[in-house]
Amino acid sequence: MIGRFLEVNLTNETAREFFIDKSIYKKFIGGKGIGAYLLFKYLNPGTSGLSPDNPLIFLTGPLTGSGFPTSGRMVVVSKSPLTNTYADSHAGGHFSFEMKRAGFDGIIITGKAQDHKYLWINDGKIEFRDVSHIWGDNVSETVKKLRDETEKNARVACIGPAGENQSLISSIMLDKDSDKTRAGIAGRTGLGAVMGAKNLKALVIKGSGKLDFENIELFNAGKNNTRKVVEMTEFMKVRNKYGSANLVGPMNKGGFLPTNNFQKSFIENGEDLYCESMNNHKKRNATCFGCPINCGQIIETKKHEEVKIEYESIALLGSNNGVKNFSDVAEACLLCNELGLDSMSAGVTAGFAMECKEKGLLNNVPEFGDSKGQLELLKDMAFRRNAGKLLSDGVKRAAEKIGNGSEKFAIHVKGLEMAGYEPRTSWGMALAYATSDRGACHQRCWTVNAERSGVLEMFSFDDKANFVIEGQNERAAAFSALVCDFLPFNLKDLCTAFEGVTGLSFTESDYYEAGDRIWNLIRLFNMREGFERKDDTLPDRMFEEKVKLPSGIYTKNEVSLNRTDFQTALSKYYKLRGWSEEGYPTYEKLEELGLSDYVRGDEACTYLKNLYQKNIPSVSLNI
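Numbering of residues begins from 1 in every chain and follows the order in which that chain's sequence is written. Given that the model is predicted, a residue must reach a pLDDT of at least 70 before its local features are reported, and side-chain atom pairs must reach 80 or more before they are shown or counted; all residues, however, enter totals for whole chains, interfaces and linings. Here the side-chain values reflect all heavy atoms present in the structure, with hydrogen atoms and water set aside.

A. Summary view of the sheet that holds strand S14 (residues 296–299). Read across the sheet, three strands follow the order S13-S14-S15 without closing on themselves; strand pairing throughout is antiparallel. A single partner strand is all that each edge strand has here, and the edge strands are strand S13 (282–286) and strand S15 (307–308). The pairing of S13 with S14 spans four bridges and is antiparallel. Bridging from a neighbouring strand, Lys 282 pairs with Ile 299 of S14. Residue contacts follow a heavy-atom distance rule, with two residues in contact if any of their heavy atoms lie within 4.5 Å. Interaxial angles span 0 to 180 degrees and are taken between N-to-C directions of axes, which are lines fitted to C-alpha atoms, for helices over the stretch in contact. The secondary structure listing takes helices from DSSP runs of H or I that are at least 4 residues long and strands from runs of E that are at least 2 residues long, numbered from the N terminus. Lying on the sheet, helix H8 (residues 235–242) is in contact with S13 and S14; it crosses S14 at an angle near 25°. If DSSP finds at least two bridges between two strands, the strands pair.

See below:
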């Protein structure tokens, strides 16, 4: 059975169960899609991300716990306090499997506890427990102590000091790096601060149930075929050996690797950051539940034995900040994980501070390449002290306070710090970053490989709009099924497995339509919160400053983005999506996707009603 949810009200310490009808799963699949559906329904427009009324929603997917490859992922959905957009933050590991065994497809947390609390969910039993003795502890200490108090094999989703201090670049951490199994991080968009604002330190969960299948034979056919695809895909062996760190060398050599706060596209003499160097430190692999890829890289440094490392952390705590020693980058990543900081946003924020020092705008921050200074700055961000008071809420807010032109090199979109790919080299990523539903995210559509391989033309917006739309729709569906970015699969097999679990007939056409529906619903949510075409843009640096490219690779020596060409590509993107010139989904598009009710009759949609009447006067809403 799918659709069983737990709603927890922290204010009055109550909990209730409810069910979501299967028909909603047919439209929104699960995970990201169901999260968007619930957030739109639960949240009144204009509510602060740190308000007790902002729900924090933990979600599994329909395949979670089934053994389908990479189905051990989960997503946390809320309104981001960092960007004020819809937010979904995805994580691997084993927490989602335990949540499913406890009987829940989703847990919705509302309100604010009067005192510091954690939730202990043991199958169907829910307890609100005091956590004042642990408040202030780092992630590893928190996980250990809470398992000691509950169950040694329990799974823990918690915040560190960064989330407690409501840093807007704080994460929700799932278990700990030193576990034998893989830990997870719901890192992006500052959802650790949402937990902190609710006085909620952790969710601890243990379950003993089993997943029901509507048609086990049908499910097994889809699952087994997908495992064969994974086994036959040679690149999966590379993923197993290096994880995502295998990208560092190619990105640096190709001029895609952000360096010195995106002032450069490659780092000279940066070979120690490459995956081959990482392998000299490697201790073991760690895997998420049900995953045959086993790509988690657990490495050892001079100071610590268990450090989890990924490409984005290497790029944004390493080359972006002029740090070339792999062990130093790993120490910074471990510190972020223990403090509960998003290593991506923290890395970009630290790089911004370093450039501010370079330009004489800040004094008490490290210079590029100062790895020890970076560690101290990360601590200051988590504890809101010294320069961290200014930087703990990310680059957008820091630049607004610093001024003096710093806004031009505050590298973010909609307030979310940019991922580790240079958009002046990858123009497809420029469009994908600008139109992403949660800000400068690489996971909504990754165009870099298509451009490197010649599938898409380099340094051109030709054919990029349609490619980005198709990628965004497909990923919206995949992140609703909750399978991993790394998973190679035949869509027919995934649809077969989905039908085997849910009993719902589900075709490849249904999959892509659901992705389109989810993307448009989230666009409505962001519009409802006040976002417009002007917000679908990039930092001024990308248009006003040329970036040097590696010699001997391209016909160009340096490149920047042209604002006119970018705006033309954006207009084409809107048109292909069925949106107005200002980026509003047309009423006809909403009717096509079965979303027209979201702009009529619902009191929470007053803003949308007025917006449509103002901007599309020819549309009759029948409100």
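B. Quick peek at the side chain of Asn 337. With respect to the secondary-structure elements, Asn 337 resides in helix H12 (residues 326–339). For the exposure calls, accessible area comes from a 1.4 Å probe over protein chains only, and a residue counts as buried if that area is under 20% of its type's maximum, exposed if over 50%, partly exposed in between. The exposure class assigned to Asn 337 is buried, which follows from its relative accessible area of 6%. Any pair of N or O atoms that falls within 3.5 Å is considered a polar contact. Within protein, one atom must be able to donate a hydrogen and the other to accept it, and sequence-neighbouring residues count only if both atoms are side-chain atoms. Of note is the side chain of Asn 337, whose polar atom sits 3.0 Å from the side chain of Asp 177. Sequence-distant contacts of Asn 337, that is, excluding residues within four places in its chain, are made with Val 139, Met 173, Asp 177, Ile 185 and Lys 308.

C. Up close: the environment of Val 547. Topologically, Val 547 is positioned in strand S18 (residues 547–548). A relative accessible area of 0% places Val 547 in the buried class. Spatially, the C-alpha atom of Val 547 lies 35 Å from that of Gln 166, the residues being 381 residues apart in sequence. Once you skip the residues sitting within four places of it in the chain, Val 547 turns out to touch Gln 263, Lys 264, Ser 265, Glu 422, Arg 424, Asn 557, Glu 558 and Val 559.

D. Representation of the pairing of strand S1 (residues 4–9) in the model. Both S1 and strand S2 (residues 14–19) contribute to a ladder of six bridges, which runs antiparallel. Looking at the pairing, Arg 4 lines up with Phe 19 of S2. Linking S1 back to S2 in an antiparallel pair, the connection comprises four residues, with Glu 13 at a positive phi of about 55°. Bridge count between S1 and strand S6 (residues 106–110): five bridges; the pairing is parallel. What sits directly across from Asn 9, in S6, is Thr 110.

E. Layout of the sheet that holds S1. The strand order S2-S1-S6-S3-S4-S5 describes an open sheet built from six strands, whose pairing is mixed. The sheet is open, and its two edges are formed by S2 and strand S5 (86–91), each paired on a single side. On average, each strand axis in the sheet is inclined to that of its neighbour by 20°, with strand direction left out of account. Relative to S6, strand S3 (residues 56–59) runs antiparallel, the two sharing four bridges. Bridge pairing links Leu 56 to Ile 109 in S6. Of the strands in this sheet, S1, S2, S3, strand S4 (74–79), S5 and S6 are in contact with helix H2 (residues 31–42), which crosses S3 at around 155°.

F. Focus on the packing of helix H19 (residues 464–481) against helix H23 (residues 563–577). The contact between H19 and H23 brings their axes to 9 Å, and the two run at 50°. With respect to each other, H19 and H23 are oriented oblique. As H19 packs across H23, the resulting crossing turns out to be right-handed. In this structure, H19 uses Ala 465, Asn 466, Val 468, Ile 469, Gln 472 and Asn 473 to contact H23, whose residues at the interface are Ala 569, Lys 572, Tyr 573, Leu 576 and Arg 577. Residues are grouped as follows: Ala, Val, Leu, Ile, Met, Phe, Trp, Tyr, Cys and Pro are nonpolar; Asp, Glu, Lys and Arg are charged; every other residue, Gly included, is polar. Of the residues that constitute the contact of H19 with H23, the class distribution is six nonpolar, three polar and two charged. Oblique is the label for every angle not falling under 35 degrees (roughly parallel), over 145 degrees (roughly antiparallel), or within 65 to 115 degrees (roughly perpendicular). A clockwise turn of the near helix away from the far one marks a right-handed crossing, whereas an anticlockwise turn of less than a right angle marks a left-handed crossing.

G. Representation of unusual backbone geometry. At Asn 261, a position not held by glycine, the phi torsion is positive, near 60°. Tracing the backbone shows Asn 261 in the loop between helix H9 (248–254) and helix H10 (275–281). Residue Asn 261 is classed as buried on the basis of its relative accessible area, which comes to 0%. Phi at Asp 463 takes a positive value of approximately 65°, unusual for a residue other than glycine. As for its position among the elements, Asp 463 is in the loop between helix H18 (448–453) and H19.

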